[in-house]
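Residue-level structural notes
Residues per chain, in single letters:
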Amino acid sequence: MSEHSSTDSGDDLICLTAARMAQKLRTGEITSVELTRAHLDRIAAVDGGDHGVHAFLHVSAEEALATAAEVDAVRASGGAAAEALHPLAGVPIAVKDLIVTVGQPTTAASKMLDGWMSPYDATVVTRIREAGMPILGKTNLDEFAMGSSSEHSAYGATRNPWDLERTPGGSGGGSAAAVAAFETPLALGTDTGGSIRQPGALTGTVGTKPTYGSVSRYGAIAMASSLDQIGPCARTAEDAALLHELIAGHDPKDATSLPDEVAPFADAARRDDVAGLRIGVVKQLRGEGNSDGVAARFEDTLDALREAGAEVVEVDCPSFDYALGAYYLIMASEASSNLAKFDGVRYGTRELPEDGPVTIERVMGATRAAGFGDEVKRRIILGTYALSAGYYDAYYGSAQKVRTLIQRDFEAAFDDVHVLVTPTSPVTAFRFGEKLDDPLAMYLNDVATIPANLAGVPGISVPIGLAEGLPVGAQVLAPVREDARTYHVGAVIERLMQGQDGPLWAQVPEPTAAATPTSGE
Ligand code: GLN
């Protein structure tokens, strides 16, 4: 927060990496109650009001402070219990409101789940609770995680701290903006087609989509089950890796959960060796389609990698050209099926028909008409159509074949290179309303992030500089189960592209200052 005028101790506390906060907690320099209170104060200062960031749908001050006090007491008591504390104990976190939590509402940013309280915790939430991380609250998203701008939230859009007139990306705009605006050092997101990585790129933060099945999705409200993955949002690759180590690992409650041991991701994020690395640039995602600013920063990144001793080669992934089309069929098909349960009878609010007889069908119809927003309805209709008899082979079946071809492109590429790199998003943060009425323009934001979900491979987005004052991100993709490589190369890029002014996350303008309305451009 080098540009911030305020120098009070609360600001000093919140403008640190999670790793540094954890260290200060360990050495007793600060307490978790101080740290948690500083974040709650920050949320109160910048999140609300007409021009606030609006990253949070729910803030849970009391619960967060109680957790913090418990951790502080254990630490103060010393001995074995203090020794046994998790490295992130006492470091606050926020949770995307698609992930269920006991004691805090879960809405999926939909009217359908307004006021709903989950009777159980998601496995990732259980893990962060067990680690003693105070949960500050639930973050905003596009309704049911459908969107790339957070504008599809039924509770109003989140603003990008870099420019409050622009979106932070989506669907996980709330988690990314909260990290960028110093409202929390860490957050959980979900990524079905890019919802952790693209908001990371648009807010100058780091976002990771783990290998499919490596982090339990138990308790994440399903969007498209063959694509969904929970992952970390953070300021640095190392911070993301620390959180990833905590949430990863086998979970018998998730049928797709891998049995693997958790790798030391944070160690990988501390590596800075580049020599011997063979890095592939995906030809299909390099050139046209990217804005000039994004393309320029990306080419700078490749130059920096070469200069540091990496071998950079172009890799052909011809099927990636069809990834967006395949994704919007597979995702919509699975979403239409997953969301069928929100009918006012089994799940969701209940709406009675305005007039006429009250039959089950008519209650379901009235509930779904009132409870879902336009984008959710669009996808349910698209998915239902794609799955209907007579169209199934032509649409869903073809999309699954494309998916196999994309997996083969990845396999062939990873026979040749250690990792692939692409720009995370073809554009920087766009203005509110710019793409809202044009679903295809909105969908095009995900062109680079979607292939990883279709193939199950891990990916990270790290900041690589600014274009016209707005953050740009690059994505590192690795083979399935090789998440450590994304952290290694992601951290290398993060350091190479940091620039003279230090890390990008520390340069975000003060949101309250930026909130002053600007005269028309
Ligand atoms: N933006 C993409 C979509 O709208 C991805 C969403 C996500 O990853 N949850 O489908």
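Let me begin by describing the structure that accompanies this report. (Residues numbered from 1 in each chain as written. Predicted model: local features only at pLDDT ≥ 70, side-chain atom pairs only at ≥ 80, totals over all residues. Heavy atoms only, no water.)

As for the pattern of salt bridges
- Under the counting rule described, the total for this entry stands at 23 salt bridges.
- Notably, a salt bridge pairs Arg 42 with Glu 510, separated by 3.0 Å at the nearest N-O pair. Residue Arg 42 is found in helix 3 (residues 32-46), and its partner Glu 510 is found in the loop between helix 18 (483-496) and helix 19 (511-514); the two are separated by 468 residues along the sequence.
- Between Arg 346 and Asp 343 there is a salt bridge, with its nearest N and O atoms 2.9 Å apart.
- For Arg 346, a relative accessible area of 54% translates into the label exposed.
- Residue Asp 343 is classed as buried on the basis of its relative accessible area of 1%. (Salt bridge = Lys/Arg side-chain N within 4 Å of Asp/Glu carboxyl O. Helix = DSSP H or I, 4+ residues; strand = E, 2+ residues; numbered from the N terminus. Buried < 20%, exposed > 50% of the residue type's maximum accessible area, 1.4 Å probe, protein only.)

Quick notes on empty space enclosed by the protein
- Under the definition given, this model contains 3 cavities of 30 Å³ or more.
- Along its surface, the largest cavity is lined by 14 residues, and Gly 147, Ser 195, Tyr 327, Tyr 328 and Asp 446 are the ones closest to its centre.
- Per-class residue counts for the lining of the largest cavity are 6 nonpolar, 6 polar and 2 charged.
- By volume, the second largest cavity is sized at about 40 Å³.
- In terms of lining, the second largest cavity is formed by Leu 98, Thr 190, Thr 192, Arg 217, Ala 220, Ile 221, Met 223, Asp 228, Gln 229 and Ile 230.
- Taken together, the residues of the lining of the second largest cavity sort by class into 5 nonpolar, 3 polar and 2 charged. (1 Å grid on protein atoms, 1.4 Å probe; cavity = no way out; pocket = protein on both sides within 12 Å on 5 of 7 lines; lining within 4 Å. Points joined across faces, edges and corners; volume = space filled by probe spheres on them. Nonpolar A, V, L, I, M, F, W, Y, C, P; charged D, E, K, R; others polar.)

Brief notes about the sheet that holds strand 1 (residues 56-59)
- Spatially, 1-3-2-4-6-5-10-11-9-7-8 is the arrangement adopted by the 11 strands of the open sheet, whose pairing is mixed. The sheet terminates laterally at strand 1 and strand 8 (311-315), the two strands that pair on one side only. The mean angle between the axes of side-by-side strands here comes to 30°, regardless of whether they run parallel or antiparallel.
- With 5 bridges connecting them, strand 7 (residues 278-282) and strand 8 associate as parallel partners. In the sheet register, Val 282 faces strand 8, and the bridge partner there is Val 315.
- Strand contacts of helix 18: strand 5 (206-209), strand 6 (230-234), strand 7, strand 9 (419-423), strand 10 (459-467) and strand 11 (470-477), with the helix running at about 10° to strand 10, the strand carrying the most contacts. (Pairing = 2+ DSSP bridges. Axes fitted to C-alpha atoms, helices over the stretch in contact; angles between N-to-C directions. Contact = heavy atoms within 4.5 Å.)

Section: helix 13 (residues 360-371)
- End to end, helix 13 covers 16 Å across 12 residues, agreeing with the expected 16 Å (1.5 Å per residue, within 8%).
- Taken as a whole, helix 13 has its buried residues at Val 363, Ala 366, Thr 367 and Gly 371. Down the axis of helix 13, the buried set is contained in an arc of 115°. They therefore lie on one face. (Expected span 1.5 Å × (residues − 1). Arc of directions from axis to C-beta.)

Here we look at the site of the ligand
- Around the ligand, a shell composed of 15 residues is seen, among which Thr 192, Gly 193, Ser 195, Tyr 327 and Arg 379 lie nearest.
- In the model, a nitrogen atom of the ligand is placed 2.9 Å from a nitrogen or oxygen of the Ser 148 side chain.
- At 2.9 Å, a side-chain N or O of Asp 446 approaches a nitrogen atom of the ligand.
- Out of a free accessible area of 290 Å², the ligand has 100% covered by protein chains.
- Spatially, the ligand is embedded in the largest cavity.
- Split by residue class, the shell around the ligand holds 5 nonpolar, 7 polar and 3 charged. (Near = heavy atom within 4 Å. Polar contact = N/O pair within 3.5 Å; in protein donor to acceptor, adjacent residues only side chain to side chain. Areas by Shrake-Rupley, 256 points an atom, 1.4 Å probe, with all protein chains shown as cover. Sits in = over half its atoms within 2 Å of the grid points.)

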